[in-house]
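Here is how the chains run, residue by residue.
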Amino acid sequence: MLQGHQSWIFQSKPVILSSATVGGPFEARGNLANDFDLLYGDIWLEQDSFEKAEKKMLEDACDTAIKKADIQKGDINFFLAGDLMNQLISSSFSARTVGVPYLGIFGACSTSMEGLALAAQLVDSGAAKYALAGTCSHNSTAEKQFRYPTEYGSQKPPTAQWTVTGAGAAIVASSGNGPRVVSATIGRVIDMGISDPFNMGAAMAPAAVDTIEAHFRDLQINADHYDIIATGDLGQVGHDIAKNLFKKHGINVPESKLTDCGLLIYSKDQEVMSGASGCACCATVTYGHLLRRLRAGEWKRMLIVATGALLSPLSYQQNETIPCVAHAVAIEQ
């Protein structure tokens, strides 16, 4: 049901029946290693390309989520997935393996919550009984496509972020036990004129703030409604900008409630510049760490706001600025 201008209320409160996360060797050294279902010791995953390794991670996350839900692939009505690769090859080729009716989506690093929101909408409307939402990223595939080949060894500025090697998937169902998806706010595309691909946190922060402001306005609530509000992958630079923008806009979001997935996943001794990014950043932190804490009763309500920079190598080569979007999903126990 539409609420306000750009938000949905899910009256049946679809259930996150299960979720699964997969990570690489660098993620195995991070703060949240114990919250992954599967960690690989090799970034190649015994594949002959990084792109094939990325695809395999998404397949593994989907298979694990299906097993944890104790259902069959044939029970799933729709698979919603996206990634950072051209033409969504990681997701599309994974869909070939999963064998479930497929909807490819693209929101860059906001894809995880875009997929979860759409999956919940399908289930809530009665258009699906089970929907599988997933996404993935790989540090080496993203570096090769968006920046420089990894062999080049280029230096990065402090504003840059480290693309997470991993995948996350969740099964949304019409019934069962688990956290509930209660609402979602679909973000607008915001472009503040930033064109530096090594400063995406600054580019995405205004979109995160705009979506959170819209969420509060549409649902007529404030930050007190949630125990935790987690942005996707703003990193330290974007996180600081978001806090300043909240103050500028007169939105009271206590720092104790505001966190960022890009600041949670890695430890302080891992050199990741401003923090983490990538489609798998918000997906793995949410579907692993944050949902675990919600299920454990540490929180009752959380708002996840995945952020995405909608640039491409082509737009960058044409000196385009970076349009950004953020999608928010409210989950409660």
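Anyway, here's the lowdown on the structure attached to this text. This one's a predicted model, so the numbers in the text were calculated from it and none came from an experiment.

Attention now goes to helix H3 (residues 111-125). In a regular helix each residue adds 1.5 Å, so 15 residues correspond to 21 Å; H3 covers 21 Å between its end C-alpha atoms and thus fits that length. For H3, the tally of buried residues reaches 12 of 15 residues, placing the bulk of the element in the interior. Inspection of H3 places Thr 111, Ser 112, Met 113, Glu 114, Gly 115, Leu 116, Ala 117, Ala 119, Ala 120, Leu 122, Val 123 and Asp 124 among the buried residues, and these make up the whole buried set. Positive phi shows up at Gly 126, right after H3, with a value of about 90°.

Our focus in this paragraph is the packing of helix H5 (residues 200-219) against helix H6 (residues 235-248). Orientation of H5 relative to H6, taken along the N-to-C sense of each, is 40°, at an axis distance of 8 Å. One finds that H5 runs oblique with respect to H6. As for the relative orientation of H5 and H6, their crossing is right-handed in sense. Contacts between H5 and H6 pair Gly 201, Ala 202, Ala 205, Pro 206, Val 209 and Ile 212 from the former with Val 237, Gly 238, Ile 241, Ala 242, Leu 245 and Phe 246 from the latter. Residues of the contact of H5 with H6, tallied by class, amount to 10 nonpolar, 2 polar and no charged.

Look at Leu 45: it is not a glycine, yet its phi comes out positive at around 50°. Topologically, Leu 45 is positioned in the loop between strand S4 (38-39) and helix H1 (50-69). Assessed through its relative accessible area of 3%, Leu 45 is described here as buried. One non-glycine residue with positive phi stands out, namely Gln 220, at about 55°. In this structure, Gln 220 sits in the loop between H5 and strand S11 (228-231).

Parameters at a glance
- Residues numbered from 1 in each chain as written.
- Predicted model: local features only at pLDDT ≥ 70, side-chain atom pairs only at ≥ 80, totals over all residues.
- Heavy atoms only, no water.
- Helix = DSSP H or I, 4+ residues; strand = E, 2+ residues; numbered from the N terminus.
- Expected span 1.5 Å × (residues − 1).
- Buried < 20%, exposed > 50% of the residue type's maximum accessible area, 1.4 Å probe, protein only.
- Axes fitted to C-alpha atoms, helices over the stretch in contact; angles between N-to-C directions.
- Parallel < 35°, antiparallel > 145°, perpendicular 65-115°, else oblique.
- Left-handed = near helix turned anticlockwise from the far one by under 90°.
- Contact = heavy atoms within 4.5 Å.
- Nonpolar A, V, L, I, M, F, W, Y, C, P; charged D, E, K, R; others polar.

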